[in-house]
Amino acid sequence: MDTLEAIHTRRSIRKYTDRPVPRELVTELLRAAMSAPSAVNSQPWVFIVIDDRKLLEEIPTFSPYASMCKEAPLAILICGDTTQEKVPGYWVQDCSAATQNLLLAAHAVGLGAVWTGIYPMKDRIEGFRKAFELPEHVIPLALVPIGYPAQQPSPEERYREEKVYHNRYGQNKK
């Protein structure tokens, strides 16, 4: 699958088969995530691969939009390590880019995934901090449940010309 096809056909997948994801494939996803750009190449990300069934089933108790974890064979928690930042505050952008790479890589290899937000919701941050014993300088940004898809949502066209301006806000026509 080429890059543009992956971008245009990737959809959020919330239902998975019970087929396990091979460890080598997880490593490939993490390699893709860590290939993301970051401010001053600081790479302030930390990834926690979660495949313990008890932990996956516990996640929806403190992250209300992550109920799909109950059936996902694994999830990856993407966190920012503020001690690794070279430009303060950019960890959010850096880890977001890594998350998008992870989602595209999962789709490209035939897996389904969905971005569930954590940061900046204080209750979710504290839930993940406690469940995964995160130190204060490691801040959870997103959780991506992953598995072989048990659903196949159709791609949709999201391009909207009215959201494009040229040279200045409010100028839609070139």
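Predicted model only: the values in this text are computed from it and were never measured. Note on numbering: residues in each chain are counted from 1, in written sequence order. Reporting of local features is limited, given that this is a predicted model, to residues whose pLDDT is at least 70; pairs of side-chain atoms are given and counted only at 80 or more, and all residues count toward the totals for whole chains, interfaces and linings. Side-chain numbers come from the whole structure's heavy atoms, not from hydrogens or water.

Chemist: How would you explain the overall build of the protein chain if you had to name every residue and give the values?
Modeler: Counting its secondary structure elements, the protein chain contains five helices and five strands. Under the DSSP-based scheme used, a helix requires at least four consecutive residues in state H or I and a strand at least two consecutive residues in state E, with every element numbered from the N terminus. For the protein chain, the succession of helices and strands along the chain, N to C, is α-α-β-α-β-α-β-β-α-β. Referenced to the eigenvectors of the C-alpha coordinate spread, the extents of the protein chain come out at roughly 55 × 40 × 30 Å. Relative accessibility thresholds used throughout: buried, under 20% of the residue-type maximum; exposed, over 50%; partly exposed, between the two (1.4 Å probe, protein chains only). In the protein chain, which comprises 174 residues, the proportion classed as buried is 42%. Taking contacts inside the protein chain between residues at least 6 apart in sequence as the whole, the part at least 24 apart equals 75%. In the structure as shown, the protein chain presents an accessible area of about 10,200 Å², 51% of it carried by carbon and sulfur atoms. Two residues form a contact once any of their heavy atoms are found within 4.5 Å. In short, Shrake-Rupley with a 1.4 Å probe defines the accessible areas, and a residue's cover is counted only from the protein chains shown.

Chemist: Break down the side chain of Thr 116 for me, citing the residues and quoting the values.
Modeler: Inspection of the secondary structure assignment puts Thr 116 in strand 4 (residues 116-117). Here a polar contact is taken to be a pair of N or O atoms separated by no more than 3.5 Å, where protein atoms must pair a possible hydrogen donor with a possible acceptor and residues adjacent in sequence count only if both atoms sit in side chains. Among the polar contacts listed, one links the side chain of Thr 116 to the backbone oxygen of Leu 143, at a separation of 2.7 Å. Among all residues touching Thr 116, those that are not within four sequence positions of it are Tyr 65, Ala 66, Met 68, Ala 142, Leu 143 and Pro 145.

Chemist: If you had to explain the nonpolar core to someone new, which residues and values would you point to?
Modeler: Residues belong to a common nonpolar core when they are buried Ala, Val, Leu, Ile, Met, Phe, Trp, Tyr or Cys residues joined through side-chain atoms within 4.5 Å. Residues Phe 47, Ile 76, Leu 102, Leu 111 and Ile 146 are the most contacted members of the largest nonpolar core, which totals 27 residues. Mapped onto this core, the elements with two or more residues apiece are helix 2 (23-33), strand 1 (45-50), strand 2 (74-81), helix 4 (91-108) and strand 5 (138-147). Sorting elements by how many residues they give to this core places helix 4 first, with seven residues. Cys 69, Cys 79, Ile 118 and Val 138 belong to the second-largest nonpolar core, a separate cluster that totals 21 residues.

Chemist: Describe in detail unusual backbone geometry, supporting the description with residues and values.
Modeler: One can expect most non-glycine residues to show negative phi and most peptide bonds to be in trans. In this model, Tyr 119 is joined to Pro 120 through a cis peptide bond whose omega is 10°. Among the structural elements, Pro 120 can be located in the loop between strand 4 and helix 5 (122-131). At Val 40, a position not held by glycine, the phi torsion is positive, near 50°. Looking at where Val 40 falls in the secondary structure, it is placed in the loop between helix 2 and strand 1. With a phi close to 55°, Glu 133 is a non-glycine residue in the positive phi region. Position of Glu 133 relative to the elements: it lies in the loop between helix 5 and strand 5. Under the relative-accessibility criterion, Glu 133 is labelled exposed at 71%.

Chemist: If you had to explain the packing of helix 2 against helix 4 to someone new, which residues and values would you point to?
Modeler: Every angle, taken between N-to-C directions, lies between 0 and 180 degrees, and every axis is a line fitted to C-alpha atoms, over only the stretch in contact when it is a helix. Two numbers describe how helix 2 lies on helix 4: the axes approach to 7 Å, and their chain directions differ by 140°. Compared by their axis directions, helix 2 and helix 4 come out oblique. As helix 2 packs across helix 4, the resulting crossing turns out to be right-handed. Across the interface between the two elements, Leu 29, Ala 32 and Ala 33 of helix 2 pack against Ala 98, Asn 101, Leu 102, Ala 105 and Ala 106 of helix 4. Reported orientations rely on four angle classes, namely roughly parallel under 35 degrees, roughly antiparallel over 145, roughly perpendicular from 65 to 115, and oblique for the rest. Rotating anticlockwise by less than a right angle from the far helix to the near helix defines a left-handed crossing, while the corresponding clockwise rotation defines a right-handed one.

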